[in-house]
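# A structural walkthrough
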Amino acid sequence: MTAAITSSRPSPLLRAFTGVLCAALAFSPLPAAASSPASFGMFAAAPAPASTGNTIGLFRLSGDPAAAEGLRSQILTDMSAAGYTVKGVALDIDGAAGKVKCKGGADACVGKVIEWLNKGAAKSGTGYDYLIYGTVGGPTTPSSIVVYDVAKKAKVKEFTPTINPDDLILPLALPRAMVTTLNNYRTPVAPATAEEQKILAELDEPAKTPEELAAEKAAIDDAVGKVAAGQGELIDTSNVKVDLKKDFKDFCRNGPPKPRVNKDDPKDLRPVCKRGPVFGYFQTRAWVALGLTAGALLTTGIFYSLGLAARGPYKSALDDLNNSKLDKTDPLQSQEYTAMASDVADKGNTMRNRLIGGDVALLTTVLLAGVLAVIIYQDRTDAKDFIKTEKSLKSVSRIQNVRGGPILSRGMQGFGFGFNF
């Protein structure tokens, strides 16, 4: 089977129409989509991720793991609360630099890291506006937390705090300071107006004349001289004498003791008026020791009384055994002898156990009495110190323009004073 191929020349009219059509296509403008190389799928470049202006890439912070993670979490919380869109980066800045095979540190590699991040961000259509990265040091090593502007390729600010594990304020204050810095960076604070500058100028203290400065210096020197002259009299309390019996009425109290606001407040050492100068100085611990000592003494008397009471039956049973004239070797009398001897032994054991209990109670009484004596001595010594301090304050208060007050704390006990000038 053969096929025939035929050809014919186009007519003049067809050739003229073809020429006009080609000329029209050659001189007409191309459509916008066709004129752009990006309109051809296989040759189009990847579109740059759009920026919302407030997207932050938050890297992991290197350094101490616990402190770094806690600070990163607080930064995320505060930045999000301030309206920023925070996206976490799974690596720290050094790890990201290793991903892009860059050596030279965070400052040198942050540009390449941004390019690498934007390639991943292009999939979601949103780019990074700012980066936060750095390392968290310890009490002796300063930290370095950087807020970086991606568009300007520059640091907004680098924070270099020294973080102490016992500091509970800095991990909360630092993220808030970063939010404030970034807000002021994006929207700078307007300069003070003329009216505000005038108000600030009026708040400043006017300059003093040389005469006023000289008068202030003379007044200060005079006050210092008066304090130096009376310092020995204020501090010397060796002449203050304390007599617990004679001073009792002047310093005793009729009502309850003053309550302590906290554990650092001193106890109210004023004696109780209705108890007299002997028992009035007793503190709570002295009454407890007195009660225990009295209880032990009473127990001693009870045991000794029971022991002496058991001595009569014991002596009576012993006399009955001796007067029975029973022969313990005689088989006919041995059983009766054994019964009487057992009764003597039982009553003797009862007496002995009670007397031993009395001895133990007596020893306990002696020990508690010793503890009571020490406590009474300490309470009376504290009362003497208290009364001496009060008397010293009264003597100090007689000096003109001097105010005194007690100073009682863990580190120091005594009294302080102030003066007017």
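Along every chain, residues carry numbers that run from 1 in the direction the sequence is written. Side-chain atom pairs in this predicted model are given and counted only at pLDDT of 80 or more, local residue features only at pLDDT of at least 70, and totals for whole chains, interfaces and linings cover all residues. Values reported for side chains reflect all heavy atoms of the structure, with hydrogen atoms and water molecules removed beforehand.

Each helix is a run of DSSP H or I of at least 4 residues and each strand a run of E of at least 2, with the numbering of both proceeding from the N terminus. Check the secondary structure of the protein chain and you find 12 helices and eight strands. Burial statistics for the protein chain: of 421 residues in total, 26% are counted as buried. Here, two residues are considered to be in contact whenever any of their heavy atoms come within 4.5 Å of each other. Considering only contacts in the protein chain between residues 6 or more positions apart, those separated by 24 or more positions represent 57%. Each accessible area is a Shrake-Rupley result for a 1.4 Å probe, and residues are judged covered by the shown protein chains and nothing else. For the protein chain, the exposed area adds up to about 28,600 Å²; of that, 60% sits on carbon and sulfur atoms. Burial classes: relative accessible area under 20% of the type maximum marks a residue as buried, over 50% as exposed, and values in between as partly exposed (1.4 Å probe, protein chains only).

Another point: the UniProt feature "transmembrane region" (unreviewed entry) in the protein chain. UniProt positions are given in the numbering used here, feature names are shortened, and annotations may be inferred rather than shown by experiment. Residues given the UniProt feature "transmembrane region" (unreviewed entry) here are residues 286-306 and 355-377. Between the end C-alpha atoms of residues 286-306 there is a gap of 30 Å, over a span that is 100% helix and 0% strand. Between the end C-alpha atoms of residues 355-377 there is a gap of 33 Å, over a span that is 100% helix and 0% strand.

The next subject is the side chain of D129. The residue D129 is located in the loop between α5 (106-121) and β4 (130-136) in this model. It is R186 that comes nearest to the buried, bridge-free D129 among opposite-charge side chains, at 6.9 Å. His is not counted here, nor are the chain ends, while Lys and Arg score as positive and Asp and Glu score as negative. Salt bridges are identified by distance alone: a Lys or Arg side-chain nitrogen within 4 Å of an Asp or Glu carboxyl oxygen.

All right, on to the state of the cysteines then. Note on terminology: disulfide denotes any pair of cysteine sulfur atoms within 2.5 Å. What the rule picks out here adds up to two disulfides. The disulfide partner of C102 is C109, and the gap between their sulfur atoms is 2.0 Å. Torsion about the S-S bond of the C102 and C109 cystine: about -85°, corresponding to left-handed handedness. Residue classification places C102 among the buried residues on the basis of a relative accessible area of 13%. C252 shares a disulfide with C273; S-S distance 2.0 Å. Across the disulfide from C252 to C273, rotation about the S-S bond amounts to roughly 95°, and the bridge is consequently right-handed. You can see C252 sitting in the loop between α9 (248-251) and α10 (276-279) and its partner C273 sitting in the loop between α9 and α10, a full 21 residues away along the chain. Judged by its relative accessible area of 18%, C252 falls in the buried class. A residue is classified by how much of its surface remains accessible, and C273, at 21% relative accessible area, is partly exposed.

With respect to the helices, strands and loops of the structure, T293 is situated in helix α11 (residues 284-323). Two N or O atoms count as a polar contact when they lie within 3.5 Å, although within protein this holds only if one can serve as hydrogen donor and the other as acceptor, and sequence-adjacent residues are included solely when both atoms are side-chain atoms. Polar side-chain contacts of T293 include one of 3.3 Å to the backbone oxygen of L368. The residues contacting T293, other than those within four sequence positions of it, are T365, L368, A369 and L372.

A few words now on the packing of aromatic side chains. Classification of ring pairs rests on two measures: the distance between centres of Phe, Tyr or Trp rings, Trp counted by its six-membered ring, which must be within 6.5 Å, and the angle between planes, read as stacked under 30 degrees, edge-to-face over 60 and tilted in between. The final tally for this structure, using the stated rule, is seven aromatic pairs. Aromatic pair F279 and F282: ring centres 5.3 Å apart, planes at 70°, arrangement edge-to-face.

Right, let's talk about a nonpolar patch on the surface for a bit. On the surface, I199, L200 and L203 cluster together to form a nonpolar patch covering roughly 320 Å² of accessible area. With respect to the element layout, I199 can be found in helix α7 (residues 194-203). Here I199 falls in the partly exposed class, since its relative accessible area comes to 44%. Patch rule: a residue counts if its relative accessible area is over 30% and it has no salt bridge; like charges are joined within 9 Å, and nonpolar side chains (Val, Leu, Ile, Met, Phe, Trp, Tyr) within 5 Å.

Bringing the pairing of strand β1 (residues 55-58) into the picture now. Alternating positions in β1 separate into two faces, T55 and G57 on one and I56 and L58 on the other, with burial throughout. Pairing geometry for β1 and β4, over three bridges, is parallel. Paired with G57 across the strands is L131, a residue of β4. Here the rule is simple: two strands pair whenever DSSP picks up at least two bridges between them.

It is worth spelling out the nonpolar core at this point. Across soluble globular proteins, nonpolar side chains have a tendency to be buried as a group. Judged by nonpolar contacts, the single largest core of 22 residues is most densely connected at L71, I75, M79, I132, I145, M178 and L182. Considering each element in turn, this core owes the most residues, five residues, to helix α6 (residues 170-186). Residues within four places of I75 in sequence aside, it is in contact with L58, L61, I132, P175 and M178. In these notes, a set of buried Ala, Val, Leu, Ile, Met, Phe, Trp, Tyr and Cys residues joined through side-chain atoms within 4.5 Å is what counts as a nonpolar core. Counting residues in each nonpolar core, the second largest holds 20 residues, with V110, V113, Y128 and L131 among its members.

Turning our eyes to something else, we now look at the packing of helix α3 (residues 65-81) against α6. In a packed pair of helices, the relevant descriptors are the angle between the two axes and the axis-to-axis distance. In this analysis an axis means a line fitted to C-alpha atoms, helices contributing only their contacting stretch, and an angle means the value between N-to-C directions, from 0 to 180 degrees. For the pair α3 and α6, interaxial distance at closest approach is 9 Å and the crossing angle is 45°. In terms of orientation, α3 and α6 fall into the oblique class. The crossing of α3 and α6 is right-handed. Seen from α3, the contacting residues are L71, Q74, I75, D78 and M79; seen from α6, they are P171, L172, L174, P175, R176, M178, V179 and L182. Residues were grouped as follows: Ala, Val, Leu, Ile, Met, Phe, Trp, Tyr, Cys and Pro as nonpolar; Asp, Glu, Lys and Arg as charged; and all remaining residues, including Gly, as polar. Split by residue class, the contact of α3 with α6 holds 10 nonpolar, one polar and two charged. Oblique is the label for any angle not covered by the other classes, which are roughly parallel (under 35 degrees), roughly antiparallel (over 145) and roughly perpendicular (65 to 115). Two helices that cross are described as forming a left-handed crossing if the nearer one is turned anticlockwise from the farther one by less than a right angle, and a right-handed crossing if clockwise.

Let's shift gears to the environment of T284. When you line up the elements, T284 lands in helix α11. As for T284 and D379, which are separated by 95 residues in sequence, their C-alpha atoms are 9.8 Å apart.

This paragraph deals with unusual backbone geometry. With phi around 55°, K101 is a residue other than glycine that occupies positive phi space. Positive phi, close to 55°, is recorded for K153, a residue that is not glycine. You can see K153 is positioned in the loop between β5 (144-149) and β6 (154-159). K153 sits in the exposed class, given a relative accessible area of 66%.

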